[in-house]
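# Understanding the architecture of this molecule
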Amino acid sequence: MGIIYSLLGWSASEDEPDPILGLTPREIKRVKVSWARATADPTKLGANVMMSLFDKYPEYKKLFPFKDVPDEELKNNMKFKVHCSSVVYNLNQIIDSLDNSELVLGMLDKLATNHIKHNAPHEGFLNIQGIIEDVLRPLNNDEEMKIWSKLLTVAMNYASNKMVEEKKN
């Protein structure tokens, strides 16, 4: 059986989860393929995430420099576009680095620290998880969404907890 797995390019380690992120190498590959589909139009993806966030949590819009821009004008606002690009860029960096969980944690540390500087609530990371999942759902099957949920739960809980920890210090 090992020869067959080897010929197919599989190994037992393909199903062994990373101790930090909880994803197997096979799941990481699926996330990366899924993310490539989702980022075919990165600006649209970022705008969908941010607009969905503001729809569900309108109080978050007050934290941004485009807080006074009417929602129907946001997609044409340069500051909004820049932030949308930043959201996708940060997610992209994390997805690209999933093979190095320590690097992912370092990126999440930096993201949490940046959000503290802007007085963002730590719950924002937990809340945006559902938003990202909702935006990705039409592009993925149920199995892929389970993997995304697993990844986002670990990442967003880590970032939220990091913010709480840093605010105490």
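In this numbering scheme, every chain counts its residues from 1 along its sequence in written order. Where totals are concerned, whole chains, interfaces and linings use all residues; where local detail is concerned, this predicted model gives features only for residues with pLDDT of at least 70, and gives and counts side-chain atom pairs only at 80 or more. To obtain the side-chain values, all non-hydrogen atoms of the structure were included, while hydrogens and water were left out.

### Notes on helix α6 (residues 101-117)
Our working definition: We count a stretch as a helix when DSSP gives it H or I for four or more residues in a row; a strand needs E for two or more, and each element gets its number in order from the N terminus. The span you would expect from a helix comes to 1.5 Å times its residue count less one. Only protein chains enter the accessibility calculation, which uses a 1.4 Å probe; a residue whose area is less than 20% of its type maximum is buried, one above 50% is exposed, and one in between is partly exposed. When we speak of the arc, we mean the arc of directions from the helix axis to the C-beta atoms. By definition, residues are in contact when any of their heavy atoms lie within 4.5 Å.
Taking 1.5 Å per residue, 17 residues should reach 24 Å; α6 reaches 25 Å between its end C-alpha atoms and fits that length. Listing the buried residues of α6 in full gives S101, V104, L105, L108, L111 and A112. One side of α6 holds all its buried residues, which, seen down the axis, span an arc of 120°. Facing away from the buried side of α6 by more than 90 degrees, the exposed set consists of E102, K110 and K117. On its buried face, α6 sits against α5 (78-96), α7 (123-136) and α8 (142-168).

### Describing the environment of I131
In this structure, I131 sits in helix α7. Classification of I131 as buried rests on a relative accessible area of 4%. Through-space distance from the C-alpha of I131 to that of L74 is 18 Å; in sequence the pair is 57 residues apart. Leaving out residues up to four positions away in the same chain, I131 has contacts with V49, S52, L53, K56 and Y57.

### Some points on the side chain of Q129
This is how it is decided: Pairing of N or O atoms within 3.5 Å defines a polar contact, subject to two protein rules: one partner must be a possible hydrogen donor and the other a possible acceptor, and residues neighboring in sequence count only if both atoms are side-chain atoms.
With respect to the helices and strands, the residue Q129 is situated in helix α7. At 2.9 Å, the side chain of Q129 forms a polar contact with the side chain of E133. Discounting chain neighbours no more than four positions away, the residues touching Q129 are S149, L152, T153 and M156.

### What about the packing of aromatic side chains?
Each pair of aromatic rings is reported with the distance of its centres and the angle of its planes. Using the following cut-off: Classification of ring pairs rests on two measures: the distance between centres of Phe, Tyr or Trp rings, Trp counted by its six-membered ring, which must be within 6.5 Å, and the angle between planes, read as stacked under 30 degrees, edge-to-face over 60 and tilted in between.
On inspection of all chains with the given rule, the structure shows six aromatic pairs. Judged by centre distance (5.5 Å) and plane angle (65°), the rings of F54 and F64 are edge-to-face. Taken together, the residues span a long stretch of sequence, with F54 in helix α3 (residues 42-56) and F64 in the loop between α3 and α4 (71-74) at a distance of 10 residues. Each member of the pair F54 and F64 is classed as buried. Within the aromatic cluster, the residues linked to one another by ring pairs are F54, F64, F66 and F80.

### Remarks on the pattern of salt bridges
The following threshold applies: Any Lys or Arg side-chain nitrogen located within 4 Å of an Asp or Glu carboxyl oxygen qualifies as a salt bridge.
For the structure shown, the criterion picks out 11 salt bridges. We note a salt bridge from K150 to E27, for which the minimum N-O separation is 2.9 Å. Pair noted here: K150 is in helix α8 and E27 is in helix α2 (residues 25-38), with a separation of 123 residues, a long-range link. Classification of K150 as partly exposed rests on a relative accessible area of 31%. Residue class for E27 comes out buried when judged on its relative accessible area of 16%. A salt bridge links K162 to D109; the nearest nitrogen and oxygen atoms lie 3.8 Å apart. Note that K162 is positioned in helix α8 and D109 in helix α6, a separation of 53 residues in sequence.

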